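Examination of the molecular architecture
Below are the chains, spelled out letter by letter.
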Amino acid sequence: MNPTTARRSLTHAFRQHAAERPGAPALIGKGRSRTYAQLAAEVDRRAELLRAQDLAPGTAVAVEALCGDGWVPTLLAILEAGLVVLPLDPSTTPPARREQLIARVGAGAVVRHDANGEPTINPAAGGDPAGDDAAYILFTSGSTGEPKGVIGGDEPLSKHVAAIADAFALTPDDRVLMFASPAFDVALEEILPALAVGACLVAPDEPATRLPDLDATLRAHDVTVANLPSSSWAAWLRERETRGERVPPSLRLVVVGSEPARIADARRWWSLSAPGQRLLNAYGTTETTITDLIFDASDPTDHAESLPIGFPLPHVRTRLERVPSGGHELWLAGCLALGYLGSGDAFAARLTVRDGVTWYRTGDRVSTRADGALLHGGRLDDQIKVGGVRVVPSEVENAARGVPGVVDVVAGLADDRRLAAAMESADTDAETVRSALRAVLPTAMVPQEIVVVPELPRRPDGSLDRAAALALVPVATGDADGDDPVGAIWRRLVGNTGSDGDFFAAGGTSLTAAQLAVEIEEGLGVRIGAAEVLRHAYGLADLRKIVADAARTDDGDAAASAISPDRAPVALQVAAALERMSALIARGLEPRPFNLSTAYRVRGPIDVPRLSAALRALVATHPMLRSSFERDGDGWISRVHPVPEIVVPVEELEADPAWGSDAADEELADRVGELFDEPFTPEETLRIRPRLIRVGDDHHVFVLATDHLATDEWSIDVLNHQLAAQYDEPAEVTENWAYHEYVQRQEALAAGPGGARIVDFWRREVGIEGLPAHTELPFEQDLSPGTPGVPGRLEHLLTAPLVELLQARCRDRRHTVFALVMACVQTAVVEVTGDPVITSVVPHANRSSARDCGAVGWFAQLVIHHADYTGCERLSDAVRVAAESAYRSEANGQLSMHHLVRALTPEAFGRPRTASWVEVGVGRQLSIRLGDARIEPYHPGPIGPPHKAVVTEIEERGDDLLLLTLFDAARYPAADVRRLRDTVLARIIAYAEGGDPELRLAS
């Protein structure tokens, strides 16, 4: 294809809009607005200037431009002239480096812009075509220490433009922010799809990388779509939260990417945004044409510490390839760039052909969620990200070795966040090196911390010891007197610049300011805004003053007090359970077992003393496992007891122990069931009950019964993993008090203004003072309080081919599998009750940090979902209602349901619950290993938590999904529950196969 024709295919839609809608706004910037007709005329003028240079088709043209309105017509003119664009940002790339890159590309011309965006075109020494199919060249860091020039092709870019316009649902009514630097590939993603649909671009007068400028631009121009680095988005949200402002109503879509998006920031978005404002998390590489996968995070859901990277765009193919180090590497196809400039072999080395498909190996570790969304697990190589910019330490090292006096250097991350370098030199200093690097490297690649020593540590073979070298970088621990926590945070994030150091000169950014604000609040309990740091913190002394002033005026919720092991707090859900147990005992009734128990078949040798020691280590680590409970006035407390000796009892079956005999199987199931159901009392001082049952030579069943008062389902997974680790390699333990700190945070929230706001929301949402209305099913049996529950269990396996269809359908409709299951369950219940308004509950792990995730305790809480399906005729209508319900609930779900009951209807708190709940959740497939023994779960029968009435869970089983229904068979006849489940199942399958089942909500 002729390059000019190919390049014009990228601007064809823009030309159509200019012809059909000449007066529509196309570009706003520098205090002026250009219509499509005006922008097209300017593109024609600049294209003629370029043609006057007499450049061969496919020749690269370097463009030195900021993110302003002058950059857009130049970009379009280069593409229409059949040339290749090489964007360079003079604000981040020093002159020497720009000249180096222009020479490497062999550019035939250089375009520079004045303050008004007017171009000047100068010939360059090059002029060699970059390739007939090339559209652009962008430089990224390279593993060899030299920046790599990625050549982007016409065809993959055209496919990308179409896919992004659809994924972002862009329309002519949109106003799309130009945030990215022209030297960053996302700039093309902002500009080309917007013009392809006839939308209007908004170019800030100055680069909108500072929070005040970004906010002003969004407000002044009613921006509807913004594509932001995750760190900039997080800092902006933090600033709005500090000022008590919500997301601007005009902003219907925010796309984040370039680095992991934290779940904590997503929760902040969910609380500050309104229904209908979308959040997308994007993933991609420059080598695979910008963005390849997208996750719709508009609806609040539980995730790990960062949002999933989601699902591939329609033209992108993914493959997960197992790697020797464990896990899977993400491979991509259908979207590949043309190669690396002048280094075809280097690009080919990243490619693998399988079954006729050429795959790009990204070097990123990924895993898959139950709904098929991909999760990013970090890099397999040594590339790092600093402030959203990809950095290869070897490139920093190569630049530093060019500084006179530097003998050798090691660069990398210090404190997991700062770019640092240790250098060997006898006749230079850190500031000299830093100044030299600023002249040749982008700002993000200049180390924040530089240490110069006479000799770097080396291994016996003479090679550099990289870990030992980076260990020379000082760790911030405060001033010499040890009493400067603000200084410690400053030095950890900004560097050792001293009290008079300049925040910006030290490499401080809006992201750094946001991190300072977060760590000061988390570590010191003082709330400051990132804007305060950016506006006023010229040095450490300024920051100390800001913190001191904020501390004097802080009116936040009460701070947590010290934890006393003799009077430790308990979560309100624990107190409610204790109240119910006490009420039943007072009436002469026996409380139902309140256990969370697991059992495993163990085939192979088992070392009982070693297993006992491993369990004792767990009890020592987690205070809740050795806690008793007692009344304290109107409430409850726990007392933490010393670590006891633990010996795992071993039982023998009375029947023939030959595995598989009917008598042995029946006896084993009965015995495991007894252990599962044996209740714990509040006075007991040990909350676990282990047992080994021998069923043959080197063949046992290991039973671990745990008290729900001290654990939740997440805790069971924690115990399993930590038990395996201690069994394999005993290690010294440290007490984890995260659960007790969580309880204090919950009570502080409930007592403060944030808790009052949440209670007010639920009072309005539910419309009654107290618990949501009881969901009465026609086939429900009346039971008196204290009647023993009968666990019921129904299972149906959705096999991998159907799951793949289901995930694709949900992805196309931009919602999760969980939202679909929620809608199917709730509408099935609505049909049998005749009431379109339904209340369900969803269990949440409720762990907000890595320390919480490694702790044992009853963190989990139920979040109410209140939905009105009036008017829903099709399942797709119901899915939208379910997603909206989830949004409202997640945004106001920080307080447990028990707090709401205590606040709204105190007299109902702790009563034996007779109301039935429809509960939907994502189950956890528990697993364990013990040395070399082979382990598999053992289910003696329909085991289910008897304190729940109706529960629907979806669990991942390899590539399959298990739809699990748990219910109290004493209250609900199994046949009726099965009919209800079959309705849910039929709708899920029909939806996966492309249908949209009609609902019968009025029947």
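Here's a quick rundown of the structure. For clarity, every value in this text was computed on a predicted model and none was experimentally measured. (Residues numbered from 1 in each chain as written. Predicted model: local features only at pLDDT ≥ 70, side-chain atom pairs only at ≥ 80, totals over all residues. Heavy atoms only, no water.)

This brings us to the pattern of salt bridges. Within this structure, the stated rule accounts for 40 salt bridges. For the salt bridge of Glu 64 with Arg 112, the shortest nitrogen-to-oxygen distance reads 3.1 Å. Of the two residues, Glu 64 sits in strand 3 (residues 60–64) while Arg 112 sits in strand 5 (residues 109–113), which places them 48 residues apart along the sequence. On the basis of relative accessible area, Glu 64 is assigned to the buried category, the value being 8%. Arg 112 sits in the partly exposed class, given a relative accessible area of 31%. (Salt bridge = Lys/Arg side-chain N within 4 Å of Asp/Glu carboxyl O. Helix = DSSP H or I, 4+ residues; strand = E, 2+ residues; numbered from the N terminus. Buried < 20%, exposed > 50% of the residue type's maximum accessible area, 1.4 Å probe, protein only.)

Looking now at helix 9 (residues 230–243). Taking 1.5 Å as the rise per residue, helix 9 with 14 residues should run 20 Å; its terminal C-alpha atoms sit 20 Å apart, in good agreement. Of all 14 residues making up helix 9, eleven are buried, and the element is well covered by its neighbours. Those residues of helix 9 lying buried are Ser 230, Ser 231, Ser 232, Trp 233, Ala 234, Ala 235, Trp 236, Leu 237, Arg 238, Glu 239 and Arg 240. Downstream of helix 9 by one or two residues, Gly 244 has phi in the positive range, about 70 degrees. (Expected span 1.5 Å × (residues − 1).)

On any regular strand, side chains alternate: one points to one face of the sheet, the next to the other face. Within strand 3, five of the five residues are buried, which leaves the element mostly enclosed by the surrounding structure. The sheet contact formed by strand 3 and strand 4 (residues 84–88) spans five bridges and is parallel. The partner of Ala 60 across the bridge, within strand 4, is Val 84. Note that strand 3 and strand 5 share four bridges and pair parallel. Within strand 5, the position partnered with Val 63 by the bridge is Val 111. (Pairing = 2+ DSSP bridges.)

Turning next to the sheet that holds strand 32 (residues 699–707). Sheet architecture is open: five strands sit in the order 30-31-32-27-37, paired in mixed fashion. Of all strands in the sheet, those bounded by a partner on one side alone are strand 30 (650–652) and strand 37 (934–937). Adjacent strand axes in the sheet meet at a mean angle of 25 degrees, parallel and antiparallel pairs treated alike. Packed onto the sheet, helix 20 (residues 608–621) meets strand 30, strand 31 (688–696) and strand 32 and runs at close to 160 degrees relative to strand 31. (Axes fitted to C-alpha atoms, helices over the stretch in contact; angles between N-to-C directions. Contact = heavy atoms within 4.5 Å.)

It is worth spelling out empty space enclosed by the protein at this point. Overall, the coordinates contain eight cavities of 30 Å³ or more when judged by the stated rule. In this structure, the largest cavity occupies an estimated 100 Å³ of space. Around the largest cavity, the lining is made up of eleven residues, and of these Thr 952, Thr 965, Leu 980, Arg 981 and Val 984 lie nearest the centre. When residues of the lining of the largest cavity are traced back to their parent elements, those giving at least two are helix 26 (817–833), strand 38 (950–957), strand 39 (960–968) and helix 30 (974–992). The element that contributes the greatest number of residues to the lining of the largest cavity is helix 30, accounting for four residues. Along the wall of the second largest cavity there are ten residues; nearest its centre are Thr 816, Phe 818, Ala 819, Ala 883 and Ala 886. Looking at the lining of the second largest cavity residue by residue, the classes come out as seven nonpolar, two polar and one charged. A domain-level breakdown of the lining of the second largest cavity finds at least three residues from each of domain 1 (8–378) and domain 5 (742–928 + 942–993). (1 Å grid on protein atoms, 1.4 Å probe; cavity = no way out; pocket = protein on both sides within 12 Å on 5 of 7 lines; lining within 4 Å. Points joined across faces, edges and corners; volume = space filled by probe spheres on them. Nonpolar A, V, L, I, M, F, W, Y, C, P; charged D, E, K, R; others polar. Domains from an automatic or database assignment.)

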